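# Results of the structural survey
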Amino acid sequence: DNYISIAYYHVIFLAFALAFKPKQLEEINQETLILWGDQDKILGIKDAPKFARAIPHSKLIWIKDSGHVPHLEQPQITATEILDFS
């Protein structure tokens, strides 16, 4: 349950970040983990590298065999990536 809660927080952060313009993303100073499902059919996959470039100190991790909700589709992998990042 803790893994899913942690993963969910980060996925929510990314969804929230989508509402910002690229200039606003550049203002994020915290180290940022971007988790993106490599099979995302909702947002697609082309924007993930754009986020990684726009957010300084970010790290993009592709979650293999996952769509738009990696915290539900690949919870163990997602949680491990988050824990390794922190």
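In what follows, the structure referred to is the one given above.
Computed from a predicted structure; not experimentally measured.

Attention shifts here to the overall build of the protein. Helix and strand counts for the protein stand at 5 helices and 2 strands. Reading the secondary structure of the protein in the N-to-C direction produces α-α-β-α-β-α-α. By residue count, 31% of the 86 residues in the protein fall in the buried class. Considering only contacts within the protein whose residues lie at least 6 apart along the sequence, 64% involve residues at least 24 apart. Surface accessibility of the protein: about 5,700 Å² in total, with carbon and sulfur atoms responsible for 56%.

This paragraph deals with the nonpolar core. It is characteristic of soluble globular proteins that their nonpolar side chains tend to be buried jointly. Within the largest apolar cluster, 8 residues are counted, these being Leu 25, Ile 28, Ile 34, Trp 36, Ala 48, Phe 51, Ala 54 and Ile 55. Looking at this core, the elements with two or more residues in it are strand S1 (32-37) and helix H3 (48-54). In contact with Ile 55, not counting residues within four places along its chain, are Leu 25, Ile 28, Thr 32 and Ile 34.

Note: S1 against strand S2 (residues 58-63), 6 bridges, orientation parallel. When the bridges of S2 are listed, Thr 32 appears paired with Ser 58. Each parallel crossover has a hand, and the one from S1 via H3 to S2 is right-handed.

Another point: the packing of aromatic side chains. Inspection of every chain in the model, using the stated rule, returns 1 aromatic pair. Relative to Phe 51, the ring of Trp 36 lies with its centre 5.8 Å away and its plane at 45°, an arrangement referred to as tilted. Residue Trp 36 is found in strand S1, and its partner Phe 51 is found in helix H3; the two are separated by 15 residues along the sequence. Assessed through its relative accessible area of 7%, Phe 51 is described here as buried.

This next bit is on the pairing of S1. Within S1, 6 of the 6 residues are buried, leaving the element largely enclosed by the surrounding structure. Burial of S1 is two-sided: the residues Thr 32, Ile 34 and Trp 36 facing one way and the residues Leu 33, Leu 35 and Gly 37 facing the other way are all buried.

Moving on, we come to unusual backbone geometry. Of note, the phi angle at His 57 is positive, near 60°, even though the residue is not glycine. Topologically, His 57 is positioned in the loop between H3 and S2. Overall, His 57 belongs to the exposed group, its relative accessible area being 56%. Notably, Asp 65 is not glycine yet its phi reads approximately 55°, a positive angle. Within the secondary structure, Asp 65 is located in the loop between S2 and helix H4 (70-73).

The topology assignment puts Asn 29 in the loop between helix H2 (22-25) and S1. As for Asn 29 and Pro 56, which are separated by 27 residues in sequence, their C-alpha atoms are 6.7 Å apart.

Cut-offs used in this document
Residues numbered from 1 in each chain as written. Predicted model: local features only at pLDDT ≥ 70, side-chain atom pairs only at ≥ 80, totals over all residues. Heavy atoms only, no water. Helix = DSSP H or I, 4+ residues; strand = E, 2+ residues; numbered from the N terminus. Buried < 20%, exposed > 50% of the residue type's maximum accessible area, 1.4 Å probe, protein only. Contact = heavy atoms within 4.5 Å. Areas by Shrake-Rupley, 256 points an atom, 1.4 Å probe, with all protein chains shown as cover. Core = buried A, V, L, I, M, F, W, Y, C linked by side-chain atoms within 4.5 Å. Pairing = 2+ DSSP bridges. Right-handed = clockwise from strand over helix to strand, strands pointing away. Phe/Tyr/Trp six-rings, centres within 6.5 Å; stacked < 30°, edge-to-face > 60°.

The quantities given are spatial measurements derived from coordinates; they are silent on function.
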